[in-house]
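Residues per chain, in single letters:
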Amino acid sequence: MSTVLNDQNNMSSWLGNMGIAYYHQGDSAIGKNNEAYVKERFAKALLYYAKAIDISKKLGLKEKTALWLISIGTLQNKAKNYSEAERILKEGLALADSLESIDNIKNAHEQLSWLYEKAGKYPMALLHYQKFIAARDTMNNEEIKEYLNSKAKSVEEIVLGTEKKLCWYEGTLIGNKYLVGAKRCTNQMMLPQMSGRTSHAN
């Protein structure tokens, strides 16, 4: 059963990514005197998004459901179907909010801000733009924290590695400091390779 669920999960991602691919093909052709091609690409994108949402809902993959809903809203924005875009973006945003899915929240607010600006609803556009900025900053802060934590861990590993080498050096080459070095290593749980060694002190 788990294999089947995993396959269906992957299928949801694959279908959604196909939708993204068709969307970008259509988006890149806007303004190039090929409206039929744009409509055809967007139609295929919507088809794949719909299939991805269907599978995601059946499997209870709420974050992916929010992602594909907001993707459809983004497409409808570009297609100038603003009423449909607003409806589905709000649906995706509500789901993303319930999950505290920051990336989806950010994207939904960005699209709603763009939509309301186009509609001349500037107070609403500003409100969603501010929420977009807040979500973006939250993501950036989380990324900074992750980076600093990874750097701190790397520094700690370097320090511990240096201490380990120093303990081994003192204990092995300077006989009368062996016990000092061994004690320090033992306290930091860094003495596995020194077990069984004997003191060089006379």
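Going by the structure above, here's the rest.
Read on for a plain summary of the structure. (Residues numbered from 1 in each chain as written. Predicted model: local features only at pLDDT ≥ 70, side-chain atom pairs only at ≥ 80, totals over all residues. Heavy atoms only, no water.)

Helix and strand counts for the protein come out as seven helices and zero strands. Written out in order from the N terminus, the α and β elements of the protein read α-α-α-α-α-α-α. Of all 202 residues assigned to the protein, the portion counted as buried reaches 32%. Taking the intrachain contacts of the protein between residues at least 6 apart in sequence as the baseline, contacts between residues at least 24 apart amount to 54%. As displayed, the protein offers around 12800 Å² of accessible surface, 56% of which is attributable to carbon and sulfur atoms. (Helix = DSSP H or I, 4+ residues; strand = E, 2+ residues; numbered from the N terminus. Buried < 20%, exposed > 50% of the residue type's maximum accessible area, 1.4 Å probe, protein only. Contact = heavy atoms within 4.5 Å. Areas by Shrake-Rupley, 256 points an atom, 1.4 Å probe, with all protein chains shown as cover.)

Our focus in this paragraph is the side chain of His109. Here His109 is to be found in helix H5 (residues 102-118). The contacts of His109, once residues within four sequence positions are left out, are Leu93, His128, Lys131 and Phe132.

Per the counting criterion, the structure on display carries nine salt bridges. Where Glu40 meets Arg41, a salt bridge forms, and the shortest distance between an N and an O atom there is 2.7 Å. Linking Lys58 and Asp54 is a salt bridge whose minimum nitrogen-to-oxygen distance equals 3.3 Å. Of the two residues, Lys58 and Asp54 both sit in helix H2 (residues 35-59), four residues apart, roughly one turn of that helix. Judged by its relative accessible area of 37%, Asp54 is partly exposed. When salt bridges with common partners are traced through the structure, they connect Glu40, Arg41 and Lys44 into a single cluster. (Salt bridge = Lys/Arg side-chain N within 4 Å of Asp/Glu carboxyl O.)

Before going further, it helps to examine the packing of aromatic side chains. Overall, the coordinates contain six aromatic pairs when judged by the stated rule. Ring centres of Tyr82 and Trp114 lie 6.4 Å apart, and the angle between their planes is 55°; this geometry places the pair in the tilted category. You can see Tyr82 sitting in helix H4 (residues 82-99) and its partner Trp114 sitting in helix H5, a full 32 residues away along the chain. Taken together through their ring pairs, the aromatic side chains of Trp14, Tyr22 and Tyr48 make up a single cluster. Across the ring face of Tyr48, the terminal group of Lys51 is positioned such that the distance to the ring centre comes to 5.8 Å. (Phe/Tyr/Trp six-rings, centres within 6.5 Å; stacked < 30°, edge-to-face > 60°. Lys NZ or Arg CZ within 6 Å of the ring centre and 35° of its normal.)

Tyr23, Ala45, Tyr49 and Leu75 are the most contacted members of the largest nonpolar core, which has 17 residues in total. Taken together, the elements giving at least two residues each to this core come down to helix H1 (2-29), H2 and helix H3 (62-78). For this core, the leading source of residues is H2, giving eight residues. The residues contacting Tyr23, other than those within four sequence positions of it, are Phe42, Ala45, Tyr49, Thr74, Leu75 and Lys78. In terms of nonpolar packing, the next biggest core, distinct from the first, is built from 14 residues, Leu95, Ala96, Tyr116 and Ala125 among them. (Core = buried A, V, L, I, M, F, W, Y, C linked by side-chain atoms within 4.5 Å.)

Structurally, Tyr48 is set in helix H2. Under the relative-accessibility criterion, Tyr48 is labelled buried at 18%. Separated by 31 residues in sequence, Tyr48 and Asn17 place their C-alpha atoms 8.3 Å apart. Among all residues touching Tyr48, those that are not within four sequence positions of it are Trp14, Leu15, Gly16, Met18, Gly19 and Tyr22.

Treat this as a map of the structure, not an account of what it does.
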